[in-house]
Amino acid sequence: MNFRHLFVFFLSFFSVQSAFSQNTLRLEGRIVNENKEALPYANVSLHKAQDSALLKATLTDSLGLFAFENIPISAYFLKMSCVGHQGLVKEVIILENNLVAFAEYQLAPNSQLEGVTVLSKKNFIERKIDRTVIVPDALISNAGLSALEVMEKAPGLQINEDGNIQLIGRSGVMIFLDGKPSYMAADALANYLRGLPAGSIEAIEIMPVPPAQFDAAGSAGAINIKLKKNIQKGLNGGLSLSLRQGFYGRTTNSLHLNYRVNKLNLFSNLNYSVIRQLQDINIYRNYLGDTGNLQAQLSQNSFLKDLITNLNGRVGFDYYLNEKSTIGAVVAAGLDRKENLTTNRALLKNARLELDSTNVGISTADQGWQNLNSNINYSYKIGKKGREISANADYLIYQAEIEQTLSNSATRPDGNTSTQDKLLGQLPASIDIKTAKIDYTNPIKAGFWALGAKTSAVNAQNTAEFFNETKEGLVPNTTLTNYYNYEERIHAAYLNLNKSFGKLGCQLGLRAENTNIAGLQYGNPTLKDSTFERHYTSFFPTVFFTYQVDSLSHHVLGFSFGRRINRPDYQMLNPFSYPMDRYTIYSGNPFLLPTYSQTLELSHTYKGIFTTTLFYDLTSDMITETIEIQDVFFYSRPGNIGEQQTFALSINGNLPLSTWWQAQVYAELNHSRFASRIYGQKLVNNGTLFTTNLSNQFNFNQQWSAEVGFFYQSTGYHAQFVMIPTWRINTTLQKKIMKGKGSLKLSCTDIFYTFKRGGDIRALDQATASYTNQLDTRAVSLTFGYNFRKGNVLRVRQSGASEEERQRIGR
């Protein structure tokens, strides 16, 4: 089988400079885009002009720099190809004694300009020096899906039924939106990602070891979701409308518009979704005596129905004051609402498995989140050698209004009611975040160095007022009611050095962060005030190496190391408790410690087609959900797991099986070891997880295409949980319409309805527990997409001082 180069990782434009000795020369160049900005990791090959024979090939570094050593004096041309751009097939360069030839090349976008051949196409998975890039538009089966559903297909990512994200079996992933942290708690972030259409996403960047300029937060790494913002001269954009029907229906829709005129860039996004979803959960608990004999048994069914509505938008501009100065601003706002109805039916049996009582519970939750995010940014280019200084400031406001009710009715086997109660709760919250940062970049020969600083201030106020409904009216529940304030100040600085030495490229970074936090829970007639403070300073080194084994770059080796931190979400530290049902209680944990991780990664890439990766991670004090049993009650709260070790081997690549059939495959073996003591119990949970994701893409002609995808995950191991295996098959059919500018896509997800969650819970005191969870995963969707483009693509500048705080809003 002949393999062709299917992974072309990089967006770039090219320039070439040569220096001479008497017999051999050094050919150097720097890749820039239309705005004279460096673009990294492009493919450059040097050919003889006489017979077009390939002499050498290389990749540009992170500053767009490349070099060819020991070049004989002769005539040559360069070949250049980049994802998302048209390739420049030929440009002749004549090298003579005492003559330095320098030229700057600009590659046009894939808009079918005359006289240039398009050399590359988008791949769903692209590999770069410090990250893996997922391109949702590369798979037609992503039409009509949400961001969370696309991330489920990404290599190394696992998404549980609550929307919590793990990377290579580790929790503590920091989520960025356009380079800025999401600042949201896990449930609020999951709702946002469920409502964010895949059609509005340009790329998803997965970074197990982010470079030093990123915040050190996220012990498992970082994921950056980049929204579409390809700017062209004139008015251009795209529209996506999708309807999906499973057990319930949903719709996800997105619109992005961009406008460029003279020195002004305007860009915008608007997303609207209405999602109805369900969870059908079965819980089984055995309560044991001192000798392990059965004392009681609980079986419970919980049926959850959610109605989620998301409306969020963003508008921004870049104004080029002159050739050196640019100012910009971005404003984003969102309205998110989640209405939940949960029906619980629990049977409690005695040691002889005779029915003791039946409890029926009904809970409701009406959650509304509003947010307003604003950013202003400025950049200045110093001189003509690429030096640049930039500054960003962000101000963010999040507000929530949450109302909850929980009604329980317990009956005896004879049908008589034994207890009946109703609890009502109001939980308003507000979070105020201010961040500012400054960065400086200075190019050097075959590299650059950079430094920067950032400061952030977070203030969170939370109220939880609970009332018991009685015959006399509402009575305050002082056990559950609480008022909680949280303050956080983080100051950071970093230094980064990037340098190429022929075939060897390296990037070294060091980041320092000083953290100061304080929490206050106000007392009530039955509970005293409680406070806590933490102050600590940590250092986070990062190391990246790449080595091109041969001149054609058929074999490229990579190495990375990094140290990371994961701070608790703001709400996790609040010690308040509230019942989820009659037998399950959630509470916070003011004694949580930050998580620290150290990660090593070694990779080999063959012809840009296959990448094999060896991975090791050591995590201490991992923050995750923990379960404690007290009497018949299960307490769910965040806790620290003493130590986690992760060993992983993965491979991903593309197989061009024919001219009309291409397969993309990812497979991973992941061995995890967890060791800790939890609530007096010894936890040892070790095991190996196997995951594979196979996508078959069929292009029948220019109008018709199809895709069939298969996913399988074996038994998994995480903290106290052992998860059951699961699998699914998805299909999609696409028809191009409107002269190729539009498309219709018909998709079916989880055809055989096999994607079920479940597992066992370990390290419980005199108890065993297991669960299953069936979601609304089998569905048919119809998606209409339309894109219009005019003019030349111009890249929107990166903006945002925030690099951690948006992820960690909690409640």
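Please read all numbers here as calculations on a predicted model, not as lab measurements. (Residues numbered from 1 in each chain as written. Predicted model: local features only at pLDDT ≥ 70, side-chain atom pairs only at ≥ 80, totals over all residues. Heavy atoms only, no water.)

Undergrad: Tell me about the pattern of salt bridges, residues and numbers included.
TA: Going through the model one piece at a time under the given rule, you end up with 11 salt bridges. Here glutamate 205 ties to lysine 226 by a salt bridge, and the two come within 3.8 Å at their closest N and O atoms. Taken together, the positions of glutamate 205 in strand E15 (residues 201-207) and lysine 226 in strand E16 (residues 221-227) put the pair 21 residues apart, joining distant regions of the chain. Residue arginine 511 is joined to aspartate 215 by a salt bridge in which the shortest nitrogen-to-oxygen separation is 3.2 Å. (Salt bridge = Lys/Arg side-chain N within 4 Å of Asp/Glu carboxyl O. Helix = DSSP H or I, 4+ residues; strand = E, 2+ residues; numbered from the N terminus.)

Undergrad: For the nonpolar core, give the residues involved together with the corresponding values.
TA: Membership of the largest hydrophobic core comes to 30 residues, with the highest contact counts inside it found for Met151, Ile165, Leu193, Ile223 and Ile225. Counting only elements with at least two residues in this core, the list comes to helix H1 (147-151), strand E11 (157-159), strand E12 (165-167), strand E13 (173-177), helix H2 (186-195), E15 and E16. By residue number, the principal contributor to this core is H1, which donates 4 residues. In this structure isoleucine 225 touches Met151, Ile175, Phe176, Leu177, Asp178, Leu193, Leu196, Ile201, Ala203 and Ile204, once residues within four positions along its chain are discounted. Residues Leu396, Leu427, Ala464 and Ile623 belong to the second largest nonpolar core, which totals 27 residues. (Core = buried A, V, L, I, M, F, W, Y, C linked by side-chain atoms within 4.5 Å. Buried < 20%, exposed > 50% of the residue type's maximum accessible area, 1.4 Å probe, protein only. Contact = heavy atoms within 4.5 Å.)

Undergrad: So, unusual backbone geometry: which residues are in play, and what are the values?
TA: Despite not being glycine, leucine 353 has its phi angle at roughly 60 degrees, a positive value. Checked against the element boundaries, leucine 353 lands in the loop between strand E22 (325-350) and strand E23 (355-382).

Undergrad: How would you explain the side chain of threonine 611 if you had to name every residue and give the values?
TA: By secondary structure assignment, the location of threonine 611 is in strand E36 (residues 610-630). With a relative accessible area of 1%, threonine 611 lands in the buried category.

Undergrad: Describe the pairing of strand E38 (residues 661-678), naming the residues involved and giving the relevant values.
TA: Inspection of the sheet shows strand E37 (residues 633-656) paired to E38 by 14 bridges, in the antiparallel sense. Across the sheet, the residue bridging to leucine 655 is alanine 663, located in E38. The hairpin formed by E37 and E38 contains 4 residues between the paired strands. Note that E38 and strand E39 (residues 681-699) share 18 bridges and pair antiparallel. Bridged to glutamine 664 within E39 is serine 695. Once E38 ends, the chain turns through 2 residues before running back antiparallel as E39, passing tyrosine 679 with a positive phi of about 50 degrees. (Pairing = 2+ DSSP bridges.)

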